[in-house]
Amino acid sequence: MKKNLYPAFSVLLVDDELPWLRSLTMALNGEGGINNIIQCQDSRQVLDIINEQNVGLVLLDLTMPHVSGEQLLTTISETFPSVFVIVITGMNQVDYAVRCMKVGAFDYYVKTNDVNRIITGILHAIRIIELQRESRDVRSRLLTDRLENPEAFSDIVTTSKKMFAIFQYIESIALSKQPVLITGESGVGKELIARALYKACAYDKPMVSVNIAGLDDAMFSDTLFGHKRGAFTGADDSRSGLVEQAEETILFLDEIGDLSQSSQVKLLRLLQDGEYYSVGGDQLKRTKSRFVLATNHDLLSKQQCGEFRKDLFYRLQTHHIHIPPLRERKEDIPLLLEHFVKAAAHELGLKCPPNIPKPIPALLSRYAFPGNIRELRSIVYDEVCRNKIMLSADGFKDVINYRQEIESNPDACILGDAAILQVFLNAQRLPTYSEVEDILTEAALDKAGGNQTLAARMLGISQPGLSKRISSCKNRINK
Ligand SMILES: Nc1ncnc2c1ncn2[C@@H]1O[C@H](COP(=O)(O)OP(=O)(O)OP(=O)(O)O)[C@@H](O)[C@H]1O
C-alpha cells in the first residue's frame, strides 16, 4: 500500500512548457499536499501513460505541438471515461471553456499566478474521484464477500453480517484521506473499530487518540493545535498539539458530540482544508493527518435542534460507519460470552475457563444490553470472579433482573438520607467534594455496566455532564 502518496491514483500534468510544469508541481506539492504526480511534456505520450499507469486526473494544457489538448480531451473522455480532465490553459475565452466542458472536461482554469484557486479546484476533483472509486470498490467487495486483510479485524469478535459489511467498507475507504465518522451507542465498540481502521491503513506511526468530551474551547485548541511560548499565562515553552503529533497517521477524536460551537468551527476548518493555527501563533499550518471521529450522540437530531453545525454535520457524512447495538446482533452473544469468559479466566490466572451452562446464552439474548458489549464484558467478568469452575445461570438471571429494574426505574437504587449520612459518619475523615465525585462516578458506571446514559440518569445529571466529570476525574488521576 503506497500510503505516503497522495492521492492514491496519479495526477498527470500535461504541458509543453517545462517551467509551468515545474511551478505547478511545486505548488501542488507544497500547498495541496499532492505528491503522486507524473509530468508529461510530449502530448503524444499521454494516452500510453494513462493506459499503463493508475491515472485518475489529468491537468491538461490546450495549446501544444503534435496532439492538441482539445483532441486529447475528446479521446480521453471516450476511451477512459473514469479519468477526470481539468483544462489549465492560457486561453481566456468563454467559448473555449464551453467547448471543453461539453466534450467532457471536469473544470477549466486560466493560467494565473494565483495557483491557490486552481489547487482548491484540483483538491475538489480529487475528492470526487476518491468517492467514485470507493463506491465502485465497495460494490465489488460486497459482491465478492471477502476481506483483503482479515488480520486488521482480529480483535473484533463477531459473526454478524452487519459487522462484516462494516469491515468491507473499512477496507474500501482505507486509502482515502477523508475523515471517518463512527457512531453507535456507548460500549458498542467504536474505539475498537477505529483501531481496526488504523490497522487496515497500515500506517507506520502509532495512532494518536484523545477523548475530547468536556474540553472547553481553549483546552480543545491547546490539546489539538498546541501553543506558542507566551500564548497564555503559564505557557513557558512552545508545545506541539496532537494534530502535529499525528502527522502521517490517524488522529482519533472520541466523543465529538459535546463540542462547543467555536470548537466546531475550528474542527470544520481542520477537516475541510487541513488548516489550523497553534494557540498564540499567526502562521497558518497544514496537516496531512487522517481524522477518525466518534460519538454516541445522534448528530442528526443535535444538528436539527441547532446544537451541532450543519456544515460540520455534512462534512462528517463522507465516510460514516454506524455500529449496530448488541441487541440488533444477538448472534454475537454466544461468541462474545465465550471470548470474555476465556479472557477473564486468563486475567485471573485460572488454569482453564469455567464451563458455560447451556441456558446462559439464551438468557443473555433476552436482555437489551443498554451498555452493549462493555456491559456484557463486565457482567461476564464479575460472574467468572464468583464462579471459577462452572458459571451459574441463576447468577446471570439475578444480574439481568437487577439491571432491568434499574433501567426501568433508576430511582430504585437510592439510599435514604440516614443511610448516606451513616456512610460518612463511619469514616475517619470526610472525603473532599472531588473525591466523592470520583467515587460516585465510578460506582454509577460500574452499576450501569459502563453505560454512560444509564449512569448519568442514576446520578441525576446529563450524559454530557457525566462525560465531563469522567474526563476531569481521569485528569486528576493522571496528575
Ligand atoms: N466485537 C467485540 N469483540 C470483542 N470486544 C469488544 C467488541 N466490541 C467491543 N468490545 C470491547 O467492549 C469494550 C467497549 O468497547 P469500545 O470502548 O470500543 O466502545 P465505544 O463504543 O468506543 O464506547 P464509548 O462510546 O463508551 O466510548 C472494550 O473493552 C472493547 O474491547
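Going along each chain's sequence as written, the residues are numbered from 1 onward. The predicted nature of this model means local features are confined to residues of pLDDT at least 70 and side-chain atom pairs, given and counted, to a pLDDT of 80 or more, with totals for whole chains, interfaces and linings taken over all residues. Heavy atoms throughout the structure, all of them, feed into the side-chain values; hydrogens and water do not.

For the protein, the name recorded in an unreviewed UniProt entry is Sigma-54-dependent Fis family transcriptional regulator, with Oryzomonas sagensis as its organism.

K.L.:
Is there a simple way to explain the site of the ligand in this structure?
P.N.:
The near set for a molecule or strand comprises every residue that places at least one heavy atom within 4 Å of it. Close to the ligand lie 18 residues, the nearest being V157, S186, G187, K190 and R374. Within 3.5 Å is the distance limit for a polar contact, defined as a pair of N or O atoms, with the added protein rule that one can donate a hydrogen and the other accept it, and that residues adjacent in sequence qualify only through two side-chain atoms. Between the ligand and the protein, one listed contact pairs an oxygen atom with a backbone N or O atom of E191 at 3.1 Å. A distance of 3.2 Å separates an oxygen atom of the ligand from a polar backbone atom of L192. Here the accessible surface of atoms and residues is derived via Shrake-Rupley with a 1.4 Å probe, and residues count as covered only by protein chains that are part of the display. For the ligand, whose accessible area on its own is 630 Å², the fraction buried by protein is 87%. Site definitions follow a grid-based scheme: protein atoms alone, a 1 Å grid, a 1.4 Å probe that fits but cannot get out for cavities, and for pockets an open set with protein on both sides within 12 Å along at least five of seven lines, plus lining residues having an atom within 4 Å of a point. Cavity and pocket membership follows a simple rule, namely that a molecule belongs there if more than half of its atoms are within 2 Å of the grid points. Among the cavities detected, the one that contains the ligand is the largest pocket. Two domains each donate at least three residues to the shell around the ligand, and these are domain 2 (145–324) and domain 3 (327–408). In this document the domain limits rely on a domain assignment from an automatic tool or a database.

K.L.:
So what exactly am I meant to see when it comes to the packing of aromatic side chains here?
P.N.:
Pairs of aromatic rings are described using the distance from one ring centre to the other and the angle between the two planes. Two rings belonging to Phe, Tyr or Trp (six-membered ring only in the last case) form a pair when the distance between their centres is within 6.5 Å. Interplanar angles under 30 degrees mark stacking, angles over 60 mark edge-to-face geometry, and anything in between is tilted. Evaluated as defined, the whole model comprises 7 aromatic pairs. Centre to centre, the rings of F84 and F106 are 5.0 Å apart; their planes meet at 40 degrees, and the pair counts as tilted. Here F106 lies in the loop between α4 (94–103) and β5 (107–110) and F84 lies in strand β4 (residues 84–89), a separation of 22 residues in the sequence. Its relative accessible area of 10% is what places F84 among the buried residues. Taking the centre distance of 5.2 Å and the plane angle of 25 degrees together, the rings of F225 and Y276 count as stacked. Linking F225 in helix α8 (residues 217–225) with Y276 in strand β11 (residues 275–276), this pair joins segments that are 51 residues apart in sequence. Across the pair, Y276 and F225 agree in class, each one buried. Taken together, F220, F225 and Y276 form an aromatic cluster joined through their ring pairs. For a ring to carry a charge above it, either NZ of a lysine or CZ of an arginine must fall within 6 Å of the ring centroid while also lying within 35 degrees of the normal to the ring plane. Positioned above the aromatic ring of Y381 is the side chain of R377, whose terminal nitrogen or guanidinium carbon lies 4.4 Å from the ring centre. Here a helix means four or more residues in a row that DSSP labels H or I, a strand means two or more in a row labelled E, and each is numbered from the N terminus. Relative accessible area decides the class of each residue, using a 1.4 Å probe on protein chains only: under 20% of the type maximum gives buried, over 50% gives exposed, and in between gives partly exposed.

K.L.:
I tried to follow the domain arrangement of the protein on my own but got confused; where do I start?
P.N.:
How big an interface is tends to be stated in terms of the accessible area lost upon association of its parts. Segmentation of the protein into domains returns domain 1 (10–129), domain 2 (145–324), domain 3 (327–408) and domain 4 (411–478). Distance from the C-alpha centre of domain 3 to the C-alpha centre of domain 4: 25 Å. Pairs of residues are marked as contacts when any of their non-hydrogen atoms sit within 4.5 Å. Listed as interface residues are 9 residues of domain 3 and, on the opposing side, 9 residues of domain 4. Carbon and sulfur atoms make up 49% of the area that domain 3 and domain 4 hide from each other, which totals about 790 Å². Throughout, the accessible surface (probe 1.4 Å) given up by two parts as they are put together, summed over both, is called the buried area. Ranking the residues of domain 3 by area buried against domain 4 places Y402, I406 and E407 at the top, with a combined share of 49%. We define a salt bridge as a contact between a side-chain nitrogen of Lys or Arg and a carboxyl oxygen of Asp or Glu at a distance within 4 Å. Counting every contact that joins domain 3 to domain 4 gives 0 salt bridges. Put simply, the parts of the chain that give the side of domain 3 that touches domain 4 at least two residues each are α15 (372–386) and α16 (393–408). The element that contributes the greatest number of residues to the side of domain 3 that touches domain 4 is α16, accounting for 4 residues. Each residue gets one of three labels, nonpolar for Ala, Val, Leu, Ile, Met, Phe, Trp, Tyr, Cys and Pro, charged for Asp, Glu, Lys and Arg, and polar for the others, Gly among them. Partitioned by chemical class, the residues of the side of domain 3 that touches domain 4 number 3 nonpolar, 2 polar and 4 charged.

K.L.:
How do you make sense of the UniProt feature "modified residue: 4-aspartylphosphate" (unreviewed entry) in the protein when you look at a structure like this?
P.N.:
UniProt positions are given in the numbering used here, feature names are shortened, and annotations may be inferred rather than shown by experiment. Per the UniProt record, "modified residue: 4-aspartylphosphate" (unreviewed entry) is found at D61. Of note, D61 is situated in the loop between β3 (55–60) and α3 (69–79). For D61, a relative accessible area of 3% puts it in the buried group.

K.L.:
Quick question: what am I supposed to make of the packing of α3 against α4 here?
P.N.:
Axes are the key here: two packed helices are described by the angle between their axes and the distance separating the axes. Helix axes are fitted to C-alpha atoms over the stretch in contact, other axes to C-alpha atoms as well, and angles between N-to-C directions run from 0 to 180 degrees. Two elements in contact, α3 and α4, have axes separated by 9 Å at closest approach and are oriented at 20 degrees. As judged from the angle between their axes, α3 and α4 are roughly parallel. Between α3 and α4, the residues in contact are E70, L73, T74 and S77 and Y96, R99, C100 and V103, respectively. When the residues that make up the contact of α3 with α4 are grouped by side-chain class, the tally is 4 nonpolar, 2 polar and 2 charged. In this scheme, roughly parallel covers angles under 35 degrees and roughly antiparallel covers those over 145, while 65 to 115 is roughly perpendicular and the rest are oblique.

K.L.:
Got a minute to help me understand a nonpolar patch on the surface in this structure?
P.N.:
Each patch is built from residues that are more than 30% exposed by relative accessible area and take part in no salt bridge. Like charges join if they lie within 9 Å; nonpolar side chains (Val, Leu, Ile, Met, Phe, Trp, Tyr) join within 5 Å. The grouping of I420, V423, F424 and L430 at the surface amounts to a nonpolar patch, some 350 Å² of accessible area in total. With respect to the element layout, V423 can be found in helix α17 (residues 417–425).

K.L.:
Just to check I follow, could you spell out the layout of surface pockets for this structure?
P.N.:
The gaps left among the atoms become clear once a water-sized probe is rolled over them. Each pocket or cavity is described by its volume, and for the largest pocket that value is around 1300 Å³. With 6 residues, the single largest contributor to the lining of the largest pocket is helix α20 (residues 463–478). Its residues placed into classes, the lining of the largest pocket shows 18 nonpolar, 15 polar and 12 charged. Grid points are joined across faces, edges and corners, and a volume is the space filled by probe spheres set on the points. When its volume is computed, the second largest pocket comes out at roughly 840 Å³. Split into classes, the residues belonging to the lining of the second largest pocket amount to 9 nonpolar, 14 polar and 11 charged.

K.L.:
Just checking my understanding: could you explain the sheet that holds strand β6 (residues 180–183) for this structure?
P.N.:
Remark on secondary structure: sheet strands pair via backbone hydrogen bonds, oriented parallel or antiparallel. Read from one edge to the other, the open sheet built from 5 strands follows the order β7-β10-β13-β6-β14, with strand pairing classed as parallel. Bordering the open sheet on either side are β7 (208–211) and β14 (319–322), each of which pairs with just one other strand. Between one strand axis and the next, the sheet turns by 15 degrees as a mean value, whatever way the strands run. Whether two strands pair comes down to DSSP finding at least two bridges between them.

K.L.:
What exactly am I supposed to notice about empty space enclosed by the protein here?
P.N.:
Counted under the stated rule, the structure contains 2 cavities of 30 Å³ or more. Taken as a whole, the second largest cavity spans an internal volume of roughly 40 Å³. Along the walls of the second largest cavity sit L13, V14, D15, W20, L21, L24, L59, L60, D61 and I88, which together make up its complete lining. Listing elements by their share of the lining of the second largest cavity, those giving two or more residues are β1 (10–14), α1 (18–30) and β3. Among the elements that make up the lining of the second largest cavity, the one with the highest residue count is α1 (3 residues). Considering only residue class, the lining of the second largest cavity consists of 8 nonpolar, no polar and 2 charged.

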